Amino acid sequence: LLLLYYTEEAAVIVSGLKNTDVFVGESATFTCELSYPGVKNVQWWLDGSPLHNNFVTEISEQDGMIHTLTLNDVACHDSGTVTFRAGSLISSAKLLVKGISLLE
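Residues numbered from 1 in each chain as written. Predicted model: local features only at pLDDT ≥ 70, side-chain atom pairs only at ≥ 80, totals over all residues. Heavy atoms only, no water.

**Let's talk about the side chain of Thr70**
What counts, and what does not: In DSSP terms, a helix is any run of H or I states spanning at least four residues, a strand is any run of E spanning at least two, and both are numbered starting from the N terminus. Whether two residues are in contact is decided by their heavy atoms: any pair within 4.5 Å suffices.
Relative to the helices and strands, Thr70 resides in strand β7 (residues 66–71). Contacts of Thr70, omitting those with residues within four sequence positions, involve Ser27, Ala28, Thr29, Val56, Thr57 and Glu58.

**With respect to the pairing of strand β2 (residues 20–23)**
Note on strand geometry: in a regular strand, side chains alternate between the two faces of the sheet. Operational definition: Burial here depends on accessible area, computed with a 1.4 Å probe over protein chains only, as a share of the maximum for the residue type. Under 20% is buried, over 50% is exposed, and the range in between is partly exposed. Two strands pair if DSSP finds at least two bridges between them.
Residues of β2 alternate between two faces, with Thr20 and Val22 buried on one and Asp21 and Phe23 left unburied on the opposite face. Summarising the sheet, β2 and strand β9 (residues 89–98) pair through four bridges and their orientation is parallel. Each residue of the ladder has a partner; that of Val22, found in β9, is Val97.

**Considering the sheet that holds strand β8 (residues 80–86)**
What holds strands together in a sheet is hydrogen bonding between their backbones, with the strands either parallel or antiparallel. If you walk across this open sheet you meet the five strands as β2-β9-β8-β4-β5, and the pairing is mixed. Here the strands that pair on one side only, and so sit at the sheet edges, are β2 and β5 (49–50).

**Brief notes about the confidence of the model for the protein chain**
Interpretation of the predicted coordinates at a detailed level should be avoided for regions scoring low in pLDDT. Heads up, the condition is: Summary of the metric used: pLDDT quantifies the predictor's per-residue confidence within the range 0 to 100.
Averaged over all residues, the pLDDT of the protein chain is 89; the fraction at 70 or higher stands at 88%. By mean pLDDT, strand β1 (residues 13–15) is the weakest element of the protein chain at 95, and β7 is the strongest at 98.

**Remarks on the nonpolar core**
Worth spelling out the cut-off: Side-chain atoms within 4.5 Å are what join buried Ala, Val, Leu, Ile, Met, Phe, Trp, Tyr and Cys residues into a set we call a nonpolar core.
Grouped together as the largest cluster of nonpolar side chains are 21 residues, with contacts concentrated most on Leu17, Phe30, Trp44, Val82 and Leu95. At the level of elements, β3 (28–34), β4 (42–46), β7, β8 and β9 are the ones that each hand at least two residues to this core. When sequence neighbours within four positions are dropped, the list of residues in contact with Leu95 reads Thr20, Val22, Ala28, Phe30, Leu71, Asp78, Ser79, Gly80 and Val82.

**Description of the environment of Arg85**
Position of Arg85 among the secondary structure elements: in strand β8. Leave out the neighbours within four places in its chain, and Arg85 touches Asn41, Val42, Gln43, Trp45 and Ile90.

**Some details on the sheet that holds β3**
Put simply, the rule is: Orientation is described by axes fitted as lines to C-alpha atoms, over the contacting stretch for helices, and by angles from 0 to 180 degrees between their N-to-C directions.
In spatial order, the strands read β1-β3-β7-β6; together these four strands make up an open sheet with antiparallel pairing. The sheet terminates laterally at β1 and β6 (57–62), the two strands that pair on one side only. The sheet shows a mean angle of 25° between the axes of neighbouring strands, taken without regard to direction.

**Looking at the packing of aromatic side chains**
We apply this condition: Side-chain rings of Phe, Tyr and Trp (the six-membered ring for Trp) are treated as a pair once their centres are within 6.5 Å; stacked means planes under 30 degrees apart, edge-to-face means over 60, and tilted covers the remaining angles. Two conditions define a charge sitting above a ring: the NZ of Lys or the CZ of Arg must be within 6 Å of the ring centre, and it must be within 35 degrees of the ring normal.
Across all of its chains, the model carries one aromatic pair by this definition. In this structure, Lys98 is placed above the aromatic ring of Phe23, and the distance from its NZ or CZ to the ring centre is 4.8 Å.

**Quick notes on a nonpolar patch on the surface**
In plain terms, the rule: Think of a patch as exposed residues, more than 30% relative accessible area, with no salt bridge, where like charges cluster within 9 Å and nonpolar side chains (Val, Leu, Ile, Met, Phe, Trp, Tyr) cluster within 5 Å. Where accessible areas are quoted, they stem from the Shrake-Rupley method and a 1.4 Å probe; at the residue level, only the protein chains shown are allowed to cover. Any carboxyl oxygen of Asp or Glu that lies within 4 Å of a side-chain nitrogen of Lys or Arg is treated as forming a salt bridge with it.
A contiguous nonpolar patch, built from Phe23, Val24 and Ile100 and spanning about 260 Å² of accessible area, is present on the exposed surface. Mapped onto the fold, Phe23 is located in strand β2.

**Concerning the environment of Asp47**
Along the polypeptide, Asp47 turns up in the loop between β4 and β5. On the basis of relative accessibility, which here comes to 49%, the residue Asp47 falls in the partly exposed class. Along the chain, Asp47 and Val82 lie 35 residues apart, while their C-alpha atoms are 6.4 Å from each other. Leaving out residues up to four positions away in the same chain, Asp47 has contacts with Ser79, Gly80 and Thr81.

Take a look at the structure:
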C-alpha cells in the first residue's frame, strides 16, 4: 500500500494566466491551473485590489486545481493587471478593455 501525501510546497502552476483583450461590456475570463488540489489562501486581485465573488466578479474552481475568474460587463477602468495567488504561487496577466469606436 503506497500512500502519497501532497504538500502545498509541491504544487506548481501548470498553466498560468494569459493576457486578455476585450471590448467594453464583454466578459473577461482568466484561468490558472495548479498541479495539485488543496492549496490554501487562494486570492484574485485586479491592480492590487482583492476581488470577491459577486454579480460582476465570478470566482470558481474545478477539482481544486483549475481556478477561474470571470469579470462581467467590463468597463475601460477595469483595464489593469490581474493576479492569481495560491499560497506562494503567483501568476499575473494584463487585462485590456477596449472602447467601441463609433467611427466605423
